[in-house]
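Summary of structural features
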Amino acid sequence: MKFENSKYSKTLKYKKVTFPFGNLYTTKRFIISELNEGVHVDYSIVSDLITKFSEEIKTGVQIGYIANRVNSYSFEPQLWLDFNNEYDFLVASAVVSYSDFGYLNSSLEKHFFKKSLKRCQSLDEAIEWMINLDEFAKIKSI
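Here we summarise the structure given alongside this text. Please read all numbers here as calculations on a predicted model, not as lab measurements.

Now for the environment of Val 61. Looking at the element boundaries, Val 61 is found in the loop between α3 (54-58) and β5 (63-68). For the pair Val 61 and Asp 88, spaced 27 residues apart in sequence, the C-alpha separation works out to 9.3 Å.

Following this line, the structure appears as structure tokens:
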């Protein structure tokens, strides 16, 4: 299910950011990505994202990340290691997989991400998990 078709798009305040490779939805405490079919996520795409959100990153914000994989695309797991070494603004990550193959891929990625990475079978599961993270418990409105 795409974020804009979910119940959360009606209850959460968010901003949609469109890139040539897909859409990102930013909320107060997490980002949801929905990348286009066939995209290969490499350092170039990650650099575009970092550039777009560089001001937020500089302010020391701590956020979560949800990869809502409604489309099939490839991802270089090594990017998690590189990303972890350069940046420290992600509290946790969730990957929503809609196929067995996608779930296996997210299992591989879990070994590269140093923080908590939850593999989910629905967007609802991922958002609920993200909202209820202990790191966000002090924040009343998400």
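Moving on from the coordinates now.
We now examine helix α6 (residues 123-131). Every α-helix winds through 3.6 residues per turn, so residues three or four apart in the chain are directed the same way. For α6, the set of buried residues is Leu 123, Ala 126, Ile 127 and Met 130. The buried residues of α6 all sit within an arc of 95° when viewed along its axis, so they share a single face. The elements touched by buried residues of α6 are α1 (8-11), β3 (30-35), β5, β7 (90-96) and β8 (116-120).

Before going further, it helps to spend a moment on the pattern of salt bridges. The full count for this structure, using the stated rule, is two salt bridges. In this structure, Lys 16 and Glu 4 form a salt bridge, with 3.3 Å as the shortest nitrogen-oxygen distance. Of this pair, Lys 16 sits in strand β1 (residues 15-19) while Glu 4 is found in the segment before α1, placing the two residues twelve residues apart along the sequence. Its salt-bridge partner being Lys 118, residue Glu 125 comes within 3.6 Å of it at the nearest N-O pair. A residue is classified by how much of its surface remains accessible, and Glu 125, at 31% relative accessible area, is partly exposed.

Here the focus is helix α2 (residues 43-52). Among the residues of α2, Ile 45, Val 46 and Ile 50 are the ones counted as buried. The buried residues of α2 occupy an angular sector of 140° when the element is viewed end-on, so they sit on one face. Measuring from the backbone nitrogen of Ser 44 back to the side-chain oxygen at the start of α2 gives 3.2 Å, which picks out Asp 42 as the cap.

Quick notes on the rules
Residues numbered from 1 in each chain as written. Predicted model: local features only at pLDDT ≥ 70, side-chain atom pairs only at ≥ 80, totals over all residues. Heavy atoms only, no water. Helix = DSSP H or I, 4+ residues; strand = E, 2+ residues; numbered from the N terminus. Buried < 20%, exposed > 50% of the residue type's maximum accessible area, 1.4 Å probe, protein only. Arc of directions from axis to C-beta. Contact = heavy atoms within 4.5 Å. Salt bridge = Lys/Arg side-chain N within 4 Å of Asp/Glu carboxyl O. Polar contact = N/O pair within 3.5 Å; in protein donor to acceptor, adjacent residues only side chain to side chain.

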